[in-house]
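In case you want the letters, here they are:
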Amino acid sequence: MNFKEEEVLAGWEDILSKKYQLEMTKIADSFPEERSVFVSYKDIDEYNPDLAMFITDRPDRCLALGRKAIRNLMPPSWDNKGTINLRIIKLPRDNRVEIRALRSEHLRKLVAIEGLVKKTTPVKPRMTRALFVCTKCGAEQWIEQTGMRIRKPTMCTSSDGSCNRSLAKFDLSEERCVYLDTQKIEIQEFPEALKGGAQPERIMGYLEDDITGSVFPGNRVILNGVIKQVQKSERDESAVFETYMDIHSVDFEEQEYDEILITEDDEAEIQRMSKDAELFEKMIRSISPTIYGLETEKEAIALQLFGGTPKKMEDGTVIRGDIHILLVGDPGVAKSQLLRYMTTLAPRGIYASGKSASAAGLTAAAVKDDFSGEGGRWMLEAGALVLADKGLACIDELDKMSEHDTSALHEAMESQKISVAKAGITATLPCRCSLLAAANPKRGRFGDGDIGEQINLPPTLMSRFDMIFTLKDKPDPKADTRLTEHILNAHRRGQVRKSGTTEGMEDLAGKIMAETGSITPSYARDIMRKYVAYSKRITPVMSDDAYSRIRENYLKIRATGGGNLKSVPITARQLEAYIRLSEASARARLSRIVTKEDAERSIRIIHYYLDKVFGNEGTTVWDSDRVSTGMPAAVRNVMQLVKDTIREYVAEKGVGISKGELLGALAGQIQEKEILLALKKMDAEGEIYAPAFDVYKLLE
Ligand code: ADP
Ligand code: MG
């Protein structure tokens, strides 16, 4: 269908006067605060579907006519105060193009692309009309600026020809030029849409005028706009162009879990699942079933998917509901595999490594723009945690992350936002995500001795995890047999599935498939995702029973502290972990009430990890300082005792204490080995020094 200009104009006038009169009156009153008429595509389509298609086919010309229609329709009081934009919103799904599917056929067309905002520049003015003055005769000339590079006049237009027209030089009259706010953004494909580890494709876009500053890194958006090109570099006149979008409007995904469509049939299935007595067992079996064992870890991760309830208290305090889990383990215990699996299972899952090459790292950063033509503007770039907003961030090799990330992570995990202040960019980005992290022990593999000491992360960071699971790879005939068989079975099952035929195998293939059935997830990935998304509608409330159970349990454990060990067995952070986990357990059952059973589940899981991490092997006394200070209370106490002894000696005698005298003074109280260890530690930490060989003084 082809439309003449008058027809397009008349169409716009019809649509606008019928449906958008109110908006236009409002703009007349509140200009320039409001200066865009947002027209829903549906209204054009209902008026005339052919016209709607014509507009998406020739957007630039048609929208110019639409703006003309607005000018014609504005009330007389308007008096042409300025430019009003016409922005089409909510393009239909048919007009959505995946970033990687953009081709030359989309050039100059109005399309919608969806994605995750990766980077944004600050809002800056761009020249839209430039005024040039001839240096010889002073004649003025306006030139429209549409592209990214400035267009200059080629000759003077002065009518009397007093200057040598074509050789004229021009001055740009900057203060009289017309500027428009502009902002460049970069979006990338949704990670969940990527197949098999493909890298996400990206595209640049430009926002102009009143819609600048409306999107931030980490936002999930649908951009409606026109696909255009710019030559990559002015100098080499190559025919390869950079594609970008001239963004007309931005639609936001309304609800974080809306991306997952749940039909009535799904809902019935979800309700049925929630009543299954084996719900939790099946959930555990649906998390990376190829990985043998790790049942409690998988149970915790299942609860992490559901999450606790974020709360805003009356005094404005915000308490996070997201559950953070850390896996610290020997190499080759399937940490990475589990993380990768969870990225595909969790709605909005993102995988990143602490060693990540991206400048934004795990959190966010101001980075130099590498896009040609603009000479490195600073952009705000989102890292994994921001991109996983309202989802699950799976961070592998956490112990290898940069210093920048380590410090940013503190803020990110607790307050769930990240602040950036650099190169004139200041921003606070939300990162309301759960963190599932993996790390190796300090020396690559767990050795003997204290666990807390063997984890190579700042203690302050560790204490922000709700749960820390240690995974040791210790040869053990029984467990090894089962693990070996499981891995062999998984591979055999994979072989049969891949080969796709049973020909020439007699009954081998059938036998293998029958024997390895437990390696398939109990719940398919698709329904699991839907189940999790659906469960977010529920905010369970704690019953009296659950309240008492958690209260008694916590107080009982606290009471084991103190004494001669002077240890703090657990802290309020663990108390909050009990609460979050029990909330998640109720939500997983789609229950509006947190019951005693939910409390029991949280206690069981937390005690499982506390025993391994806070525990003093062989005893049942926990010591949270193993994690929060990186050493058990006992070692700290030895250090204190050694220090006191040195101090007293030096105060009395006025000289340093020799090693022999120190050992003698403490004989019978502490073992020699421990004293020497304490001395070594204190020396390393700069608490003592040796004025002579094996003579010590305090550095105070
Ligand atoms: P990590 O990240 O802990 O160093 P990986 O995730 O890279 O370890 O796992 C190494 C390999 O060992 C993977 O191919 C995985 O399938 C296998 N593997 C390790 N532990 C198990 C297990 N418990 N069950 C099944 N496979 C396992
Ligand atoms: Mg790994």
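Anything mentioned here points back to the structure above.
All residue numbers refer to positions counted from 1 along the written sequence of the respective chain. Naming scheme: in the order in which they are written, chains are lettered from A and ligands are numbered from 1. It should be noted that, the model being predicted, local features are given only for residues of pLDDT at least 70 and side-chain atom pairs only at 80 or more, the latter also being counted only at that level, while totals for whole chains, interfaces and linings use all residues. Side-chain descriptors were evaluated using all non-hydrogen atoms of the structure, hydrogens and water having been removed beforehand.

Asks: For this particular structure, what's the right way to read the overall build of the chain?
Replies: Counting from the N terminus, the helices are the DSSP runs of H or I reaching at least four residues and the strands are the DSSP runs of E reaching at least two. Secondary structure assignment for the chain yields 22 helices and 26 strands. The contact criterion used is simple: two residues touch if any of their non-hydrogen atoms lie within 4.5 Å. Look at the contacts in the chain between residues 6 or more apart in sequence, and 70% of them connect residues 24 or more apart.

Asks: Even after reading the chapter, I still don't get the layout of surface pockets, so can you show me in this structure?
Replies: Which parts of space are left empty comes out when a probe the size of a water molecule is rolled across the atoms. Each pocket or cavity is described by its volume, and for the largest pocket that value is around 1500 Å³. Points on a 1 Å grid over protein atoms alone make up a cavity when a 1.4 Å probe fits among them but cannot get out, and a pocket when they form an open set with protein on both sides within 12 Å along at least five of seven lines; lining residues each have an atom within 4 Å of a point. Around the largest pocket, the lining comprises 44 residues; the ones closest to its centre are Arg-126, Thr-128, Gln-145, Leu-180 and Glu-208. If you list the elements that add at least two residues to the lining of the largest pocket, you get helix H5 (59–73), strand S2 (85–89), strand S4 (124–134), strand S7 (178–188), strand S8 (202–208) and strand S10 (241–252). Residue contributions to the lining of the largest pocket peak at seven residues, all from H5. Here the lining of the largest pocket is composed, by residue class, of 16 nonpolar, ten polar and 18 charged. Grid points are joined across faces, edges and corners, and a volume is the space filled by probe spheres set on the points. Each residue gets one of three labels, nonpolar for Ala, Val, Leu, Ile, Met, Phe, Trp, Tyr, Cys and Pro, charged for Asp, Glu, Lys and Arg, and polar for the others, Gly among them.

Asks: Is there a simple way to think about the sheet that holds strand S17 (residues 392–396) in this case?
Replies: Adjacent strands of a sheet pair through backbone hydrogen bonds, lying either parallel or antiparallel. Read from one edge of the open sheet, five strands run S14-S17-S20-S13-S21, paired in parallel fashion. Edge positions in the sheet fall to strand S14 (349–353) and strand S21 (467–471), since each of these pairs with one other strand and no more. Ignoring strand direction, the axes of neighbouring strands in this sheet form an average angle of 15°. Both strand S13 (residues 325–329) and S21 contribute to a ladder of five bridges, which runs parallel. The partner of Ile-325 across the bridge, within S21, is Met-467. Two strands qualify as a pair provided DSSP detects at least 2 bridges between them. All axes are obtained by fitting lines to C-alpha atoms, using only the stretch in contact for helices, and the reported angles, taken between N-to-C directions, cover 0 to 180 degrees.

Asks: Looking at this model, I keep getting lost on the sheet that holds strand S24 (residues 657–658). Mind explaining?
Replies: On the basis of which strands lie adjacent, the open sheet formed by three strands has the order S24-S26-S25 and antiparallel pairing. Single-partner strands in this sheet number two, and they are S24 and strand S25 (688–692). Inspection of the sheet shows S24 paired to strand S26 (residues 695–698) by two bridges, in the antiparallel sense. Each residue of the ladder has a partner; that of Ser-658, found in S26, is Val-695.

Asks: Help me out: how do you make sense of the environment of Gly-494 in this one?
Replies: By secondary structure assignment, the location of Gly-494 is in helix H13 (residues 477–499). A relative accessible area of 34% means that Gly-494 is categorised as partly exposed. Sequence spacing of Gly-494 and Met-513 is 19 residues, and the spatial spacing of their C-alpha atoms is 9.5 Å. For every residue, the accessible area (1.4 Å probe, protein chains only) is compared with the maximum for its type, and the residue is labelled buried under 20%, exposed over 50%, or partly exposed between those bounds.

Asks: What exactly am I supposed to notice about the pairing of S7 here?
Replies: The side chains of a regular strand alternate, residue by residue, between the two faces of the sheet. Note that strand S3 (residues 110–120) and S7 share four bridges and pair antiparallel. By the bridge assignment, Thr-120 is partnered in S7 with Ile-185. Relative to S7, S4 runs antiparallel, the two sharing five bridges. Its bridge partner lying in S7, Met-127 is registered against Tyr-179. As defined by bridge partners, S7 adjoins S8 across seven bridges and the pair is classed as antiparallel. Note that in S8 the partner of Glu-186 across the bridge is Met-204.

Asks: I keep staring at the nonpolar core and nothing clicks. Help me out?
Replies: Generally speaking, nonpolar side chains in soluble globular proteins are found buried as a group. Definition of nonpolar core: a set of buried residues of the types Ala, Val, Leu, Ile, Met, Phe, Trp, Tyr and Cys, connected through side-chain atoms within 4.5 Å. Leu-326, Met-342, Leu-385, Leu-398 and Met-467 are the most contacted members of the largest nonpolar core, which has 100 residues in total. Take this core: its biggest share by element is seven residues, from helix H18 (residues 596–613). Domain start and stop positions are those given by an automatic or database domain assignment. Residue contributions to this core reach at least three from each of two domains, namely domain 3 (287–474) and domain 4 (538–628). Sequence-distant contacts of Leu-385, defined by excluding residues within four places in its chain, comprise Leu-362, Ala-393, Ile-395, Leu-409, Ala-412, Ile-418, Cys-431, Cys-433 and Leu-435. Counting residues in hydrophobic clusters, the runner-up holds 34 residues, among them Tyr-20, Met-24, Tyr-41 and Ala-69.

Asks: Whenever I open this one, empty space enclosed by the protein confuses me. Can you help?
Replies: Applying the stated rule across the entire model yields two cavities of 30 Å³ or more. In this structure, the second largest cavity occupies an estimated 30 Å³ of space. If you trace the second largest cavity, you find it lined by His-324, Leu-385, Ala-412, Met-413, Cys-431, Cys-433 and Leu-435. Each residue belonging to the lining of the second largest cavity can be placed in one class, and the counts come to six nonpolar, one polar and no charged.

Asks: Which parts of the structure should I look at to understand the packing of helix H1 (residues 5–19) against H5?
Replies: The packing of two helices is summarised by the inter-axis angle and the distance between the axes. Following both chains from N to C, one finds H1 and H5 inclined at 55°, their axes separated by 8 Å at the closest point. Comparing their axes, H5 and H1 come out oblique. Our pair here, H1 against H5, has a crossing hand that is right-handed. Listed contacts from H5 to Glu-5, Val-8, Leu-9, Trp-12, Glu-13, Leu-16 and Ser-17 of H1 are Arg-61, Cys-62, Leu-63, Leu-65, Gly-66, Lys-68, Ala-69, Ile-70, Asn-72 and Leu-73. Residues of the contact of H1 with H5, tallied by class, amount to ten nonpolar, three polar and four charged. Working rule for angles: under 35 degrees goes down as roughly parallel, over 145 as roughly antiparallel, 65 to 115 as roughly perpendicular, anything else as oblique. By convention the crossing between two helices is left-handed if the near helix lies anticlockwise of the far one by an angle smaller than a right angle, and right-handed if it lies clockwise.

Asks: I keep staring at the pairing of S17 and nothing clicks. Help me out?
Replies: Within S17, five of the five residues are buried, which leaves the element mostly enclosed by the surrounding structure. In S17, alternate side chains face the same way, and those of Leu-392, Cys-394 and Asp-396 on one face and Ala-393 and Ile-395 on the other are all buried. Direction of pairing for S14 relative to S17: parallel, over a ladder of five bridges. When the sheet's bridge partners are listed, Gly-349 is paired in S17 with Leu-392. As paired elements, S17 and strand S20 (residues 434–439) share four bridges and run parallel to each other. When the sheet's bridge partners are listed, Ile-395 is paired in S20 with Ala-437.

Asks: Would you mind going over the packing of aromatic side chains with me for this structure?
Replies: Here the aromatic set is Phe, Tyr and Trp, taking the six-membered ring for Trp, and pairing holds for ring centres within 6.5 Å; pairs whose planes are under 30 degrees apart are stacked, those over 60 apart are edge-to-face, and all others are tilted. Within the structure shown, the criterion is met by five aromatic pairs. Measuring from centroid to centroid gives 5.3 Å for Phe-3 and Phe-54, while their planes differ by 50°, and the two rings are tilted. Taken together, the residues span a long stretch of sequence, with Phe-3 in the segment before H1 and Phe-54 in helix H4 (residues 49–57) at a distance of 51 residues. For the pair shown, Phe-3 and Phe-54 are each scored as buried. An angle of 65° between the planes, with centres 6.2 Å apart, marks the rings of Phe-469 and Tyr-609 as edge-to-face. Of this pair, Phe-469 sits in strand S21 while Tyr-609 sits in helix H18, placing them 140 residues apart in sequence. Tyr-609 carries the same exposure label as Phe-469, and that label is buried. Ring-pair connections join several aromatic residues into one group, and the members of that group are Phe-469, Tyr-608 and Tyr-609. Only Lys NZ and Arg CZ are tested; either one counts as a charge over a ring when it is within 6 Å of the ring centre and within 35 degrees of the ring normal. Here Arg-129 stacks its cationic end above the ring of Trp-142, 4.5 Å away from the centre of that ring.

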